[in-house]
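One letter stands for each residue in the lines below.
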Amino acid sequence: MRNEIDLLAAVTVLGVLEQAYFTLQVIYARRKFKISPPETTGHPEFERIFRAQVNCSEYFPIFISLLWVAGIFFHQGMVAACGVLYLYTRFRYFHGYALAAQGRLGPLYASARLLWLLMGLAVAGLLAHFLLLPSSPWALAWPLRLLNAW
């Protein structure tokens, strides 16, 4: 079982470490610009760092959910590689946003494409699981249940 999810677990831990890194950057910026919590405004550089961290945190649950569903139902290796690329694009997004608001756009679009790819892989894996497994009686009944719902 472990060898079926080890890559997903590794990418998850990397993602958590990345989130911790982003949080530390906000702490350092607070100290540098003397902005105490709960304040979220002040020096423009602090505001960009703060927003970058918040934006990355907002997308993290979506990423983790898609990573695991796609990794379990589609292909762990391919999904883990997409996950590492996603974490890299978020890292670039964070640092691009910290320098200038326009610096976030390229990595933002790249990370969005990767999330859509993970969504597609997750949906494809789930569809294959429920519709293509002949050993599952639910797979045969699913289309009939869907028609009855209309």
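A quick note: this is a predicted structure, and the numbers were derived from the prediction, not measured.

**Quick notes on a nonpolar patch on the surface**
In step 1: On the surface, a nonpolar cluster with roughly 700 Å² of combined accessible area is contributed by Trp-116, Met-119, Val-123, Leu-127, Phe-130, Leu-131 and Leu-132.
In step 2: Within the element layout of this structure, Leu-132 appears in the loop between helix 4 (105-131) and helix 5 (137-149).
In step 3: Since its relative accessible area comes to 64%, Leu-132 is described here as exposed.

**Some remarks on the environment of Ile-27**
In step 1: Assignment of secondary structure puts Ile-27 in helix 1 (residues 2-33).
In step 2: Separated by 19 residues in the primary sequence, Ile-27 and Phe-46 have C-alpha atoms spaced 9.8 Å apart.

**Let's talk about the pattern of salt bridges**
In step 1: Scanning the entire structure with this criterion turns up one salt bridge.
In step 2: Its salt-bridge partner being Lys-32, residue Glu-45 comes within 3.8 Å of it at the nearest N-O pair. Linking Glu-45 in helix 2 (residues 44-73) with Lys-32 in helix 1, this pair joins segments that are 13 residues apart in sequence.
In step 3: A relative accessible area of 25% places Glu-45 in the partly exposed class.
In step 4: Lys-32 sits in the exposed class, given a relative accessible area of 54%.

**Comments concerning the side chain of Arg-90**
In step 1: Mapped onto the secondary structure, Arg-90 falls in helix 3 (residues 76-99).
In step 2: Although Arg-90 is buried, it forms no salt bridge, and the closest oppositely charged side chain is Glu-18 at an N-O distance of 6.6 Å.
In step 3: Apart from the residues lying within four places of it in its own chain, the contact partners of Arg-90 are Glu-18, Phe-22, Asn-55, Cys-56, Tyr-59, Leu-108 and Ser-111.

**Some words on the environment of Arg-48**
In step 1: Its place among the elements puts Arg-48 in helix 2.
In step 2: Residues Arg-48 and Ala-98, spaced 50 residues apart in sequence, show a C-alpha to C-alpha distance of 5.2 Å.
In step 3: For Arg-48, the contacting residues outside a window of four places in its chain are Tyr-97, Ala-98, Leu-99, Ala-100 and Ala-101.
In step 4: Within the structure, the side chain of Arg-48 is placed 3.3 Å from the backbone oxygen of Leu-99, a separation counted as a polar contact.

Criteria and thresholds
Residues numbered from 1 in each chain as written. Predicted model: local features only at pLDDT ≥ 70, side-chain atom pairs only at ≥ 80, totals over all residues. Heavy atoms only, no water. Patch = residues over 30% accessible without salt bridge, like charges linked within 9 Å, V, L, I, M, F, W, Y side chains within 5 Å. Areas by Shrake-Rupley, 256 points an atom, 1.4 Å probe, with all protein chains shown as cover. Salt bridge = Lys/Arg side-chain N within 4 Å of Asp/Glu carboxyl O. Helix = DSSP H or I, 4+ residues; strand = E, 2+ residues; numbered from the N terminus. Buried < 20%, exposed > 50% of the residue type's maximum accessible area, 1.4 Å probe, protein only. Lys, Arg positive; Asp, Glu negative; His and termini not counted. Contact = heavy atoms within 4.5 Å. Polar contact = N/O pair within 3.5 Å; in protein donor to acceptor, adjacent residues only side chain to side chain.

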